[in-house]
Amino acid sequence: MAYRINIFELAGISVLSGATRGQQFLSKLISTARRAGQPEPLFLDFAGIDLMTSSFFRAGLLPFRNYCVEKLGLYPVLANISEDTLDEIDLVLAPIRDAVILCRLNAKERVSEARIFGILDEKQRLTFEAVVEAKEADAGILKHRFRKSDEIGITGWNNRLAALVAKGLLIETPKGRGKVYRPVLELS
């Protein structure tokens, strides 16, 4: 069963606007979220939300994503976002060169149309695509795979992977003395 928070039920309104309301909603989200036993996606279901403004997103949802990844082992995925809200999210993500995962999620918890929304620099995109292709990878696997085309070392690969984890795009799992990475969702 997917871990899902219904944003409309939690907010009680269909338009989420303003930085102050976003900060207040951040508190609600944090008190609602539970720590994951193992790293997993957290679907924030926006069905019923007509609009979320950029100021609300900046003050509430981005800090919540960061909190979830750093403290709870959860990787927020924005589900069932309206087209108007996408424009507002883009206003926040583009200047800071950030990205989120979007999808459609139905009542039976079937995920469709999963995709990255926002901006990844070329090296992050290459790293992300390599992990998607491998299904699971670590810095050593990526260094070996790209040894002819890129002179980046293990530390460089680890930095790229860590940046993608911080954006909530890859799940990081301890494995022995190291870490392995996998996509949060299979993308369409």
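As the structure is a prediction and not an experimental result, all values here were calculated from the model.

Here is what the cut-offs are and how they apply
- Residues numbered from 1 in each chain as written.
- Predicted model: local features only at pLDDT ≥ 70, side-chain atom pairs only at ≥ 80, totals over all residues.
- Heavy atoms only, no water.
- Buried < 20%, exposed > 50% of the residue type's maximum accessible area, 1.4 Å probe, protein only.
- Helix = DSSP H or I, 4+ residues; strand = E, 2+ residues; numbered from the N terminus.
- Pairing = 2+ DSSP bridges.
- Salt bridge = Lys/Arg side-chain N within 4 Å of Asp/Glu carboxyl O.

Asker: Got a minute to help me understand the pairing of strand β1 (residues 3-6) in this structure?
Answerer: Every regular strand shows the same layout, with side chains that alternate between the two sheet faces. Covered by surrounding structure in β1 are Y3 and I5 only, the residues R4 and N6 on the alternate face being uncovered. Two elements, β1 and strand β3 (residues 40-45), share 4 bridges in a ladder whose sense is parallel. By the bridge assignment, N6 is partnered in β3 with D45.

Asker: What should I look at first to understand the pattern of salt bridges in this one?
Answerer: Pairs can form between side chains of opposite charge once their charged atoms are near each other. Counted under the stated rule, the structure contains 7 salt bridges. A salt bridge links K167 to D98; its shortest N-O distance comes to 3.7 Å. With K167 in the loop between α7 (154-166) and β8 (170-175) and D98 in the loop between α4 (83-96) and β6 (99-105), the pair connects residues that are 69 residues apart, well separated along the chain. Among the residues examined, D98 registers a relative accessible area of 8% and is labelled buried. Residue E133 pairs with R145 through a salt bridge whose shortest N-O separation is 2.9 Å. Here the residue E133 occupies a position in helix α5 (residues 122-134), and R145 occupies one in helix α6 (residues 139-145), the gap between them amounting to 12 residues. We classify R145 as partly exposed; its relative accessible area is 39%. Within the structure, one salt-bridge network assembled from shared partners comprises R65, D98 and K167.

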